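# Secondary and tertiary structure notes
The residues making up each chain are set out below.
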Amino acid sequence: MMQRTAVGLLLLMAAVAAWGRQPVATGRGGAVATISEPASQAALQILNRGGNAVDAAVAAAAVLGVTDPFSCGIGGGGFMLIYLAKDKRVIALDHRETAPAYFHPAVFQQGGKAMPWEAAVPSGVAVGVPGTVRGWHDALARYGTMDFAQVLKPAIKVAERGFSVGPNFHRINSRNEAKFARFTSTSALYLKDGKALPVGTHFRNPDLAGTYRLLARQGVRGFYEGPLAAQIVQAVNAPPTQPGEAVLSAQMTLHDLKHYEARLRQPIRSTYRGYEIYGMPLPSSGGIAIAEALNILEQFDLKALPRAQAEHLYLETSRLVFADRNAYVADGEFVDVPGEGLLAKAYAAERARAIDLAAAASGKVGPGDPYLFQNDQSVPLRPQPAALAAEPAHTTHLTVSDREGNVVAYTFTIEDWGGSGIVVPGRGFLLNNEMTDFDFSGPHPNVPEAGKRPRSSMSPTIVLRQGRPAFTLGSPGGSTIITTVLQTIVNHLDLGMSLADALAAPRLSQRNGNETQVEKRFGYAASPQAKALAAYGHRWSETDEIGAANAIRFNPDGTVTAISEPVRHGGGSALVQGR
Ligand code: GLU
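Since this is a predicted model, take the numbers as computed values, not measurements.

## Re the overall build of the protein chain
When its secondary structure is counted, the protein chain shows 21 helices and 22 strands. Counting only C-alpha atoms, the protein chain reaches 60 × 60 × 60 Å along its principal axes. The buried share of the protein chain, taken over its 579 residues, is 62%. Sequence-distant contacts, at least 24 apart, represent 74% of the contacts inside the protein chain between residues at least 6 apart. In the form shown here, the protein chain has an accessible surface area of approximately 20900 Å², with 53% of it arising from carbon and sulfur atoms. Side-chain charges in the protein chain split into 54 positive and 50 negative, and the spacing between the mean points of these groups amounts to 5 Å.

Printed below as a string of structure tokens:
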């Protein structure tokens, strides 16, 4: 007991120390929140030089590829949501990794059975055609004012000069020792004598600086064609393994890279208590899941309920929504996802009736039937949920706004921490393992197929009120991204918390399981709030922490508040232009 108190005190002291890093800043003009101080500084620099929010977001993302290389980078993909002030509209830019042409439904099976997720990750097969550079290019070309040469400058500087390895970098690096040790190029960059780089090591990445310089000179083609494209193909088809190591190799082609496309998509739009909620469409499940959940929660007057009951409803809603998401949602270019039904207010009203106001469901619940709420009820596919592969929790989310009122909410990733574990030799960046987001077992809407994008949970979100941005947020964390964004919205709009408190609050993640995941960091499971919820039948499983989110609030007086994570993932950085 004493020991527990001492640990709690230490955590609290660490939390207070991190709060000193100013995760909240209010000002006039542009604002930025990221999980990395140099990345936020880069965005601010670009804004101060006259760049817009899109320019600044790409600059920050490029720095994150250097300082947070195990979560994100040019070897991966992402989803960018952009509010364009002059057009008053929201745009969704999908640059998710895509399955190469050799893919087929059994690509992650051995002897007719799904292979273990852990075996699939460190391999060439796990690597999808990276979308990040194409996404950055399209965002800048269509909505930015600067080019690669201008926005990559800060990241080149950080990669060249280097930085001191901090505890969070070291922690994630340590967890990846075994994976990284398999590959010569990765061991050389991120390990020293087979061990993670110690805290305090001065880490430089001149190879990545060189790769960014190549992009600055040649633009997007420098990545998808020519020598770098050939090296990517080589790295996945003949992974640079240590002698004696064998991993699955891919059959990616130069054609796969050359023909990669980012997609501009119609965002998911829904409403919640007078707010307009814009989210990411397919192949992310994030926008649909959050909209469906809010539609269900709108059936209840959460403000009038005791806090524990309101949270009980949030958890039960999330359970139902995950049942639907797991059963029906995948890449909409390949599968008839019943999106219209899932987003219908009438469907939400029916789902809400499945919730017991006083008791948690015992374990998993089944999906509903959204097809009855589609306009076209003839769609024949009513897929059954299959066994789900593990969905771990990494990635990064950043957000930027500018003086003109443009807003960018951007989540991007290489999937698992350290992705596939393969650094492209001589290029300084890790390749993703996004293909393991497919369902291995089939038949399932999210089965692997050539040219398909695996279902994601990434949920960059922009919320409007009376046609103007009210706030924006997003989070890392695999499938917990959905619960983090949803809970933060409920905390803020229904439970009366400021957006900063809503984002910092302990997270509860119910994803249609027997137990709800909570954070060890905050000792939540032993808290009075947890006890009040346990009376409804909720049970907990603990994980270290869930999702380091970032947000911006647009205040009614015209000021803007950038809000970053105070403690998770080492704490983030929120900066504003004029105070
Ligand atoms: N692969 C995950 C997704 O697209 C993101 C990675 C993570 O957050 O773990 O949803």
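## Observations concerning the packing of aromatic side chains
What describes a pair of aromatic rings is the distance from one ring centre to the other and the angle between the planes of the rings. Enumeration over the complete set of coordinates arrives at 22 aromatic pairs. Ring geometry for Tyr 328 against Tyr 371: centres 5.6 Å apart, planes inclined by 80 degrees, an arrangement best described as edge-to-face. Of the two residues, Tyr 328 sits in helix α16 (residues 307-328) while Tyr 371 sits in the loop between α18 (345-352) and β13 (396-401), which places them 43 residues apart along the sequence. Tyr 371 shares its class with Tyr 328; the two are buried. Among the aromatic residues, those joined into a cluster by ring pairs are Phe 70, Phe 163, Phe 169, Phe 180, Tyr 190 and Phe 203. Sitting over the face of the ring of Tyr 275, Arg 465 holds its NZ or CZ atom 4.5 Å from the ring centroid.

## A closer look at the site of the ligand
Around the ligand lies a shell of 15 residues, among which Thr 395, Glu 415, Glu 434, Asp 437 and Gly 478 are the nearest. With respect to the ligand, the backbone of Ser 457 contributes an N or O atom lying 2.7 Å from an oxygen atom. Protein chains shield 99% of the accessible area of the ligand, which is 300 Å² for the free molecule. Looking at the shell around the ligand, its residues break down into 4 nonpolar, 7 polar and 4 charged.

## Observations regarding the packing of helix α3 (residues 53-67) against helix α5 (residues 132-143)
One can describe the packing of α3 onto α5 by two numbers: an axis separation of 9 Å at closest approach and a directional angle of 160 degrees. By the angle between their directions, the pair α3 and α5 is classed as roughly antiparallel. For the crossing formed where α3 meets α5, the hand is left-handed. Between α3, through Val 54, Asp 55, Val 58, Ala 61 and Ala 62, and α5, the contact on the second element is made entirely by Trp 136, Ala 139, Leu 140 and Tyr 143. Of the residues assigned to the contact of α3 with α5, the class counts are 8 nonpolar, no polar and 1 charged.

## With respect to the pairing of strand β3 (residues 89-95)
Put simply, side chains in a regular strand alternate between the two faces of the sheet. Counting buried positions along β3 yields 6 of 7 residues, so the element is predominantly enclosed. Inspection of the sheet shows strand β2 (residues 77-84) paired to β3 by 7 bridges, in the antiparallel sense. Looking across to β3, one finds that Leu 81 is bridged to Ala 92. Between β2 and β3, which pair antiparallel one after the other, the connecting turn spans 4 residues, and Lys 88 there sits at a positive phi close to 50 degrees. Here β3 runs beside strand β10 (residues 263-265); their pairing, made up of 3 bridges, is antiparallel. Bridge pairing links Asp 94 to Arg 263 in β10.

## Considerations on the pairing of strand β1 (residues 24-34)
Pairing of β1 with strand β21 (residues 560-563), which is carried by 4 bridges, proceeds in the antiparallel orientation. In the strand pairing of β21, Thr 26 is matched with Thr 561. Pairing geometry for β1 and strand β22 (residues 573-578), over 5 bridges, is antiparallel. Bridge assignment links Thr 34 to a residue of β22, and that residue is Ser 573.

## Some remarks on the environment of Ala 360
Considering the arrangement of structural elements, one finds Ala 360 in the loop between α18 and β13. In sequence terms Ala 360 and Glu 316 are 44 residues apart; their C-alpha atoms lie 6.6 Å from each other. With near-sequence residues (within four places) excluded, Ala 360 lies in contact with His 312, Glu 316, Arg 319, Tyr 536, Gly 537 and His 538.

## Topic: the confidence of the model for the protein chain
When the pLDDT values of the protein chain are averaged, the result is 93; 93% of them are 70 or greater. Throughout residues 377-382 the model reports pLDDT below 50, and contacts reaching past four residues in sequence, or to other chains, amount to 9 contacts. For residues 384-389, every residue scores under 50 in pLDDT, and the model assigns this stretch 15 contacts once sequence neighbours within four places are set aside.

## Structural notes on empty space enclosed by the protein
In the structure shown here, the tally under the stated rule is 6 cavities of 30 Å³ or more. Roughly 70 Å³ of volume is contained in the second largest cavity. In this structure, the second largest cavity is lined by 13 residues; those nearest its centre are Gly 65, Pro 69, Cys 72, Phe 429 and Leu 430. Its residues assigned to classes, the lining of the second largest cavity shows 9 nonpolar, 4 polar and no charged.

## Thoughts on the pattern of salt bridges
Counted by the stated rule, this structure contains 29 salt bridges. The partner of Glu 311 in a salt bridge is Arg 307, with the nearest N and O atoms 3.0 Å apart. Linking Glu 311 with Arg 307, this pair stays in helix α16, spanning 4 residues, or about one helical turn. On the accessibility criterion, Glu 311 (5% relative accessible area) is buried. Judged by its relative accessible area of 35%, Arg 307 falls in the partly exposed class. Here the salt bridges do not stand alone but share partners, grouping Asp 94, Glu 261, Arg 263, Arg 265, Glu 333 and Arg 453 into one network.

## Observations concerning the nonpolar core
Membership of the largest hydrophobic core comes to 102 residues, with the highest contact counts inside it found for Trp 136 and Tyr 212. With 12 residues, α3 is the single largest residue contributor to this core.

## Remarks on a positive patch on the surface
Together, Arg 49, Lys 153, Lys 157 and Arg 161 make up a positively charged patch on the protein surface. Judged by relative accessible area, which is 53%, Lys 153 ranks as exposed.

## So, the side chain of Thr 413
Relative to the helices and strands, Thr 413 resides in strand β14 (residues 407-413). Within the structure, Thr 413 has its side chain in polar contact with the backbone nitrogen of Glu 415 (distance 2.7 Å). Beyond its immediate chain neighbours, meaning those up to four positions away, Thr 413 contacts Ser 71, Cys 72, Gly 76, Gly 77, Glu 97, Thr 395, Glu 434 and Met 458.

Cut-offs applied
- Residues numbered from 1 in each chain as written.
- Predicted model: local features only at pLDDT ≥ 70, side-chain atom pairs only at ≥ 80, totals over all residues.
- Heavy atoms only, no water.
- Helix = DSSP H or I, 4+ residues; strand = E, 2+ residues; numbered from the N terminus.
- Buried < 20%, exposed > 50% of the residue type's maximum accessible area, 1.4 Å probe, protein only.
- Contact = heavy atoms within 4.5 Å.
- Areas by Shrake-Rupley, 256 points an atom, 1.4 Å probe, with all protein chains shown as cover.
- Lys, Arg positive; Asp, Glu negative; His and termini not counted.
- Charge placed at Lys NZ, Arg CZ, Asp CG, Glu CD.
- Phe/Tyr/Trp six-rings, centres within 6.5 Å; stacked < 30°, edge-to-face > 60°.
- Lys NZ or Arg CZ within 6 Å of the ring centre and 35° of its normal.
- Near = heavy atom within 4 Å.
- Polar contact = N/O pair within 3.5 Å; in protein donor to acceptor, adjacent residues only side chain to side chain.
- Nonpolar A, V, L, I, M, F, W, Y, C, P; charged D, E, K, R; others polar.
- Axes fitted to C-alpha atoms, helices over the stretch in contact; angles between N-to-C directions.
- Parallel < 35°, antiparallel > 145°, perpendicular 65-115°, else oblique.
- Left-handed = near helix turned anticlockwise from the far one by under 90°.
- Pairing = 2+ DSSP bridges.
- pLDDT = per-residue confidence, 0-100.
- 1 Å grid on protein atoms, 1.4 Å probe; cavity = no way out; pocket = protein on both sides within 12 Å on 5 of 7 lines; lining within 4 Å.
- Points joined across faces, edges and corners; volume = space filled by probe spheres on them.
- Salt bridge = Lys/Arg side-chain N within 4 Å of Asp/Glu carboxyl O.
- Core = buried A, V, L, I, M, F, W, Y, C linked by side-chain atoms within 4.5 Å.
- Patch = residues over 30% accessible without salt bridge, like charges linked within 9 Å, V, L, I, M, F, W, Y side chains within 5 Å.

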